[in-house]
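Each chain, letter by letter, is given below.
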Protein chains: 2
Amino acid sequence: MKRIAIDMDEVLSHFSTSCLELFNKEFNKNYTTEDLQGKMLVDLDARFAEKMDHYLANESFFLELKVIKDSQEVIQKLSVHYDIYIVTAAMEFPVSLAPKYQWLKKNFGFLNENNFVFCGDKSIIHADYLIDDTPSNLATFKGKGMLFTAPHNRDVTGYTRLNNWQEVAECFL
Amino acid sequence: MKRIAIDMDEVLSHFSTSCLELFNKEFNKNYTTEDLQGKMLVDLDARFAEKMDHYLANESFFLELKVIKDSQEVIQKLSVHYDIYIVTAAMEFPVSLAPKYQWLKKNFGFLNENNFVFCGDKSIIHADYLIDDTPSNLATFKGKGMLFTAPHNRDVTGYTRLNNWQEVAECFL
């Protein structure tokens, strides 16, 4: 079986949406993901630079992330034909380790936890495909990197782009 | 730079020694690592089967593991010439995730945490070498697997064996 490694934040979970919600509440703003097109959070509002560590220091931030549409159904179908690994950068915020595990068991409980990988540098991953929203992760990956669309990567070129989980299904099934 | 992936339990940390200490205390026994040669803990005493989950459920178990002799000095020297990744199976006991991170930062703080990998199945690892005490991890590894001697693997053949960290230094430096 071919092996697909799948990123977590912005691919399975609405990471930046939750950041926007917390920020909007704190600063009485109305930023939406539309405002984030082609930008990182700090480009949208410089105050994110000092706030992010605070938001991510809370275990419940990771536990309560919403699941991206169709990801569960499509990955369940993919797992019949491919070995699926969930590969997430967790070492920069070690407080995320335990809640990321719990989130995956709750929302993707049909996957074997032995196929979860919590790492930093993803060039350590040996797989045929990597679906990830971060271009730098794809750049050092030895297999075929595929860019999952997130607001911040709208203008990135040079990778096969997957705009949503229905496109992932069409590509792999 | 070539890349060396290094296991944690029984390669960097005295995992089974701590298990023996807890068991000896609880059951008033005097098992030593000598008694464990060629055996798993449950082969030495069947009561380990029910006790292991209990021992490993305690975060402090992982935090307090002793460091294996010479591992820090040799890895510090290796890291000048090789990219070092620490690759540990943590998903079976997710309570170990946070304390394993803390243990590595405390005892191997000279390594970048982006080079820590917490996983289950190690066939996902892309590296040139894997130093590990568990033969099944080496069997599915795509690079060169090297067996680090631990009591339980005394009788295993078929891999380049490294008996201690001085032998690792001689092999790689």
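Here the structure is a predicted model, which is why all the values come from computation and not from measurement.

Asker: Quick question: what am I supposed to make of the overall build of chain A here?
Answerer: Helix and strand counts for chain A come out as 8 helices and 6 strands. Each helix and strand of chain A, placed in order from N terminus to C terminus, yields the pattern β-α-α-α-α-α-β-α-β-β-α-β-β-α. Here the C-alpha atoms of chain A give a radius of gyration of 16 Å, agreeing with the 16 Å that 2.2 N^0.38 yields for 173 residues. Expressed as lengths along the three principal axes of its C-alpha atoms, the size of chain A is roughly 50 × 35 × 30 Å. Out of the 173 residues belonging to chain A, those deemed buried represent 49%. Intrachain contacts of chain A at a sequence separation of at least 6 include 63% that bridge at least 24 residues. Put simply, chain A has 18 plus and 25 minus side-chain charges, and the middle of one group is 2 Å from the middle of the other.

Asker: For this particular structure, what's the right way to read the UniProt feature "active site" (unreviewed entry) in chain A?
Answerer: All names here are of chain A. Listed under "active site" (unreviewed entry) in the UniProt record, and renumbered for this structure, are Asp7 and Asp9. Following the sequence through the fold, Asp7 ends up in the loop between strand 1 (3-6) and helix 1 (15-27). A relative accessible area of 5% means that Asp7 is categorised as buried. If near-sequence neighbours (up to four positions away) are discounted, Asp7 is found in contact with Leu12, Val87, Thr88, Lys122, Ile131, Asp132 and Asp133. A distance of 2.9 Å separates a polar atom in the side chain of Asp7 from a polar atom in the side chain of Lys122. Here Asp9 is to be found in the loop between strand 1 and helix 1. With residues near it in sequence (within four places) discarded, Asp9 still touches Phe15, Leu65, Thr88, Lys100 and Asp133. Side chain to side chain, Asp9 and Ser13 meet in a polar contact 3.4 Å long.

Asker: Just checking my understanding: could you explain the nonpolar core for this structure?
Answerer: Within soluble globular proteins, side chains that are nonpolar tend to cluster in buried spots. A:Trp165, B:Phe118 and B:Trp165 are the most contacted members of the largest nonpolar core, which has 91 residues in total. Residues in contact with B:Trp165, not counting those within four places in the same chain, are B:Ile6, B:Val11, B:Leu12, B:Ile68, B:Lys69, B:Asp70, B:Ser71, B:Val74, B:Ile75, B:Leu78 and B:Phe148. Within the second largest apolar cluster, 24 residues are counted, among which are A:Val117, A:Ile124, A:Leu138 and B:Ile125.

Asker: Honestly, the interface of chain A and chain B in this entry has me stumped. Any pointers?
Answerer: Many authors give the size of an interface as the accessible area that is lost as the parts come together. Counting residues at the interface gives 22 residues for chain A and 22 residues for chain B. Here chain A meets chain B over a buried area of about 2,000 Å², counting both sides, of which 63% is carbon and sulfur. Looking only at chain A, the three residues that lose the most surface to chain B are A:Met91, A:Ile124 and A:His126, adding up to 32% of its buried area. The tally of links from chain A across to chain B stands at 0 salt bridges.

Asker: Teacher, can you tell me more about the domain arrangement of chain A here?
Answerer: Residues and elements named next belong to chain A. Segmentation of chain A into domains returns domain 1 (3-13 + 66-172) and domain 2 (15-63). A straight line from the C-alpha centre of domain 1 to that of domain 2 covers 21 Å. Taken residue by residue, the interface counts 16 residues in domain 1 and 15 residues in domain 2. Between domain 1 and domain 2 lies a buried interface of about 1,400 Å² when both sides are counted; carbon and sulfur atoms form 61% of it. Applying the counting criterion to the domain 1 and domain 2 interface returns 1 salt bridge. Among the ionic pairs, Glu21 bridges to Lys66, the shortest N-O distance being 3.8 Å.

Asker: I would appreciate a short explanation of helix 8 (residues 165-172) of chain B in the present structure.
Answerer: Given 3.6 residues to a turn, an α-helix orients residues that are three or four positions apart in the same direction. Residues and elements named next belong to chain B. Listing the buried residues of helix 8 in full gives Trp165, Val168, Ala169 and Phe172. Relative to the axis of helix 8, the buried residues are bounded by an arc of 100° and lie together on one face. For helix 8, the capping residue at the N-terminal end is Asn164, with a side-chain oxygen 3.0 Å from the backbone nitrogen of Gln166.

Asker: Would you mind showing me how to read the relation of the copies chain A and chain B here?
Answerer: Two copies of one chain are present, and they are related through a rotation about an axis combined with an axial shift. Rotating chain A by 180° and translating it 0.0 Å along the rotation axis places it on chain B, where the RMSD comes to 0.0 Å. Here the two chains are linked by the operation of a two-fold rotation axis. Looking at the interface residues of chain A, 100% of them are also at the interface in chain B, so both copies use one shared face.

Asker: I'm lost on the side chain of B:Asn153 in this one. Help?
Answerer: Summarising the element assignment, B:Asn153 is placed in the loop between strand 5 (144-148) and strand 6 (160-162). Among all residues touching B:Asn153, those that are not within four sequence positions of it are B:Asp133, B:Leu147, B:Phe148 and B:Arg161.

Asker: Looking at this model, I keep getting lost on the pattern of salt bridges. Mind explaining?
Answerer: It is possible for side chains bearing opposite charge to pair when their charged atoms get close. By the definition in use, this model includes 18 salt bridges over all chains. Among the ionic pairs, A:Lys100 bridges to A:Asp9, the shortest N-O distance being 3.1 Å. You can see A:Lys100 sitting in helix 6 (residues 97-107) and its partner A:Asp9 sitting in the loop between strand 1 and helix 1, a full 91 residues away along the chain. B:Arg47 is paired through a salt bridge with B:Asp45; the nearest N and O atoms lie 3.1 Å apart. Classification of B:Arg47 by relative accessible area gives partly exposed; the value is 31%. Put simply, A:Asp7, A:Lys122 and A:Asp132 are held in one network by salt bridges that share partners.

Rules and cut-offs
Residues numbered from 1 in each chain as written. Chains lettered and ligands numbered in written order. Predicted model: local features only at pLDDT ≥ 70, side-chain atom pairs only at ≥ 80, totals over all residues. Heavy atoms only, no water. Helix = DSSP H or I, 4+ residues; strand = E, 2+ residues; numbered from the N terminus. Rg over C-alpha atoms; globule rule 2.2 N^0.38 Å. Buried < 20%, exposed > 50% of the residue type's maximum accessible area, 1.4 Å probe, protein only. Contact = heavy atoms within 4.5 Å. Lys, Arg positive; Asp, Glu negative; His and termini not counted. Charge placed at Lys NZ, Arg CZ, Asp CG, Glu CD. UniProt positions renumbered as here; feature names shortened; annotations may be inferred. Polar contact = N/O pair within 3.5 Å; in protein donor to acceptor, adjacent residues only side chain to side chain. Core = buried A, V, L, I, M, F, W, Y, C linked by side-chain atoms within 4.5 Å. Buried area = accessible area lost by both parts, 1.4 Å probe. Salt bridge = Lys/Arg side-chain N within 4 Å of Asp/Glu carboxyl O. Domains from an automatic or database assignment. Arc of directions from axis to C-beta. Least-squares fit on C-alpha atoms with pLDDT ≥ 70 in both.

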